[in-house]
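Listed here are the chains, written in short residue letters.
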Amino acid sequence: MRLWRRTSLNRCRLLQVSVNQKVIEQLKSRFGESNIEANEFRDELTVVVPKEIIVDVCRFLKDDSTLKFDLLADLCGIDMYTPAKRFGVIYNLYSLTSHHRIRLKTFVEEENPKLPTVSTVWATANWHERETYDMFGIIFEGHPDLRRMYLPDEFEHHPLRKDFPLMGIPGSLPLPKK
Amino acid sequence: MGLEHALGDSFLTTQIDVAINWCRKNSLWPMPMGISCCAIEMMAFAGPRFDASRFGSEVFRFSPRQSDVMIVAGTTTYKMAKVVRKIYDQMPDPKWVIAMGACTSSGGMYRTYSVVQGIDQFLPVDLYVAGCPPRPDNLLNALILLQQKVQRGESRGNSPSYIGEAKFPPEADTPKGWRTSAPLAQNQPQPLPIIAG
Ligand code: SF4
């Protein structure tokens, strides 16, 4: 039993590594060596791409018949708190056919936190991008309905940014009168 | 039967206020303002095991216009505060508010920008119930204390009572304004004294 389990785990691991290699090769041959920065850690693949080609990369990963990353499991933001590459957007992809996961990353500058939307590729990105906009103020260009997700519409700040104080800005969220 | 039997040919005098308050206190219809996890215990309070109907409060009304006491059970965010206040304003007078749980009373463990640090910032609260969540019997205790308040004719946060933690308000006879930062600051850990030598 134990032997069997170990062999099957090893087989899974080999499969994982080989799919990772396949993804890297395909991306590099399609978008060029310089645009794709891939790193693997514990068999998990993370690919960093420039924001200009993010939609093309996503569409390729989804539509390519051998890869087929047809599920956007999550999309979230990150604040690196450095002037260059301050905000990042992370796309967690899953393939329902090969049961494989990869992570895509892209970065935007502090002054101009804008990048194209992927809600045209996966419809589910609509709400994920609204949440990322609400929390980080990253603007997804071409998004069909970029409104706040959780906070009131009249709120002016983005609370998951690192420079936002934990207890908020006094008076920014008004209370009803007692 | 009943009173006639007990009193015979004699009679009883009372004040109309006392009689009305006596009627009111035994049928306090709650408005279940269940916002998060505390609401589960509030449901248990109304359920068969704890049985709030023993005290006349089993009729949970989902219309504020038919209820007497609002049980605010859960984490009240700034966005939700407007809704809670609106529902409170729709309740007919006289009305009472029970702040159930740590979140509702003080923000609880959510010391963060989105959670109101105590609903008494925008509502007059009659009773605070400590706990995270309070047990249903603690809420029953609150109900019984509220009935005593109703009998005394008090409402709208005139004199909040505290249960659960006997010593929490430091000066129990000055209930107004105790929830300022001063008593909290006193509870902060003091720097260790430096021992020369
Ligand atoms: S006091 Fe505890 S149980 Fe009640 S709403 Fe807050 S976190 Fe949930």
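Report follows, based on the coordinates.

**Notes on the site of the ligand**
Phase 1 of the analysis: As a structural note, the neighbourhood of the ligand is formed by S36, C37, C38, G74, T75, A102, C103, M109, G131, C132 and P133 of chain B.
Phase 2 of the analysis: For the shell around the ligand, the residue count by class is 7 nonpolar, 4 polar and no charged.

**As for helix α3 (residues 125-136) of chain A**
All names here are of chain A.
Phase 1 of the analysis: With 12 residues, α3 should reach 16 Å at 1.5 Å per residue; the first-to-last C-alpha distance of 16 Å fits that figure.
Phase 2 of the analysis: Along α3, 9 of the 12 residues are buried, which leaves the element largely enclosed by surrounding structure.
Phase 3 of the analysis: On the buried face of α3, the contacting elements are β3 (71-79), β4 (87-94) and β7 (139-141).
Phase 4 of the analysis: After α3 finishes, the residue G137 shows a positive phi value of roughly 75°.

**Quick notes on empty space enclosed by the protein**
Phase 1 of the analysis: Under the defined criterion, the tally for this structure stands at 1 cavity of 30 Å³ or more.
Phase 2 of the analysis: Within this model, the largest cavity holds a volume of roughly 40 Å³.
Phase 3 of the analysis: Its residues placed into classes, the lining of the largest cavity shows 5 nonpolar, 1 polar and 2 charged.

**Looking at the packing of helix α2 (residues 16-25) of chain B against helix α6 (residues 136-151) of chain B**
Residues and elements named next belong to chain B.
Phase 1 of the analysis: Running from amino to carboxyl end, α2 crosses α6 at an angle of 160°, the nearest separation of the two axes being 8 Å. Accordingly, the angle class assigned to the pair α2 and α6 is roughly antiparallel. α2 and α6 meet at a crossing whose hand is right-handed. Between α2 and α6, the contacting residues are V18, N21, W22, R24 and K25 on the first element and Q147, V150 and Q151 on the second.

**Overview of the side chain of D134 of chain A**
Residues and elements named next belong to chain A.
Phase 1 of the analysis: Along the chain, D134 turns up in helix α3.
Phase 2 of the analysis: Engagement of the side chain of D134 in a polar contact is seen with the backbone nitrogen of M149, the distance being 3.0 Å.
Phase 3 of the analysis: Those residues in contact with D134, other than ones at most four positions away along the chain, are R148, M149, Y150, L151, H157, H158 and P159.

**Quick word on the packing of helix α3 (residues 38-46) of chain B against α6 of chain B**
Residues and elements named next belong to chain B.
Phase 1 of the analysis: Two elements in contact, α3 and α6, have axes whose closest approach is 8 Å; the angle formed by their N-to-C orientations is 70°. One way to sum up the angle between α3 and α6 is to call them roughly perpendicular. Between α3 and α6 lies a crossing whose hand is right-handed. The segment α3 lies against α6, with E41, M42, A44 and F45 engaging P136, L139, L140 and L143.
Phase 2 of the analysis: Here the residues of the contact of α3 with α6 sort into 7 nonpolar, no polar and 1 charged.

**Quick look at the pattern of salt bridges**
Residues and elements named next belong to chain A.
Phase 1 of the analysis: Under the criterion given, the structure shown has 10 salt bridges over all chains.
Phase 2 of the analysis: One salt bridge in this structure joins D79 and R86, with 2.9 Å as the shortest N-O distance.
Phase 3 of the analysis: The buried category is assigned to D79, whose relative accessible area is 6%.
Phase 4 of the analysis: R86 sits in the buried class, given a relative accessible area of 3%.
Phase 5 of the analysis: With a closest N to O distance of 3.0 Å, D145 and R147 form a salt bridge.
Phase 6 of the analysis: A relative accessible area of 29% places D145 in the partly exposed class.
Phase 7 of the analysis: Here the residues in one salt-bridge network are D79, R86, E110 and D163, joined through shared partners.

What counts as what
Residues numbered from 1 in each chain as written. Chains lettered and ligands numbered in written order. Predicted model: local features only at pLDDT ≥ 70, side-chain atom pairs only at ≥ 80, totals over all residues. Heavy atoms only, no water. Near = heavy atom within 4 Å. Nonpolar A, V, L, I, M, F, W, Y, C, P; charged D, E, K, R; others polar. Helix = DSSP H or I, 4+ residues; strand = E, 2+ residues; numbered from the N terminus. Expected span 1.5 Å × (residues − 1). Buried < 20%, exposed > 50% of the residue type's maximum accessible area, 1.4 Å probe, protein only. Contact = heavy atoms within 4.5 Å. 1 Å grid on protein atoms, 1.4 Å probe; cavity = no way out; pocket = protein on both sides within 12 Å on 5 of 7 lines; lining within 4 Å. Points joined across faces, edges and corners; volume = space filled by probe spheres on them. Axes fitted to C-alpha atoms, helices over the stretch in contact; angles between N-to-C directions. Parallel < 35°, antiparallel > 145°, perpendicular 65-115°, else oblique. Left-handed = near helix turned anticlockwise from the far one by under 90°. Polar contact = N/O pair within 3.5 Å; in protein donor to acceptor, adjacent residues only side chain to side chain. Salt bridge = Lys/Arg side-chain N within 4 Å of Asp/Glu carboxyl O.

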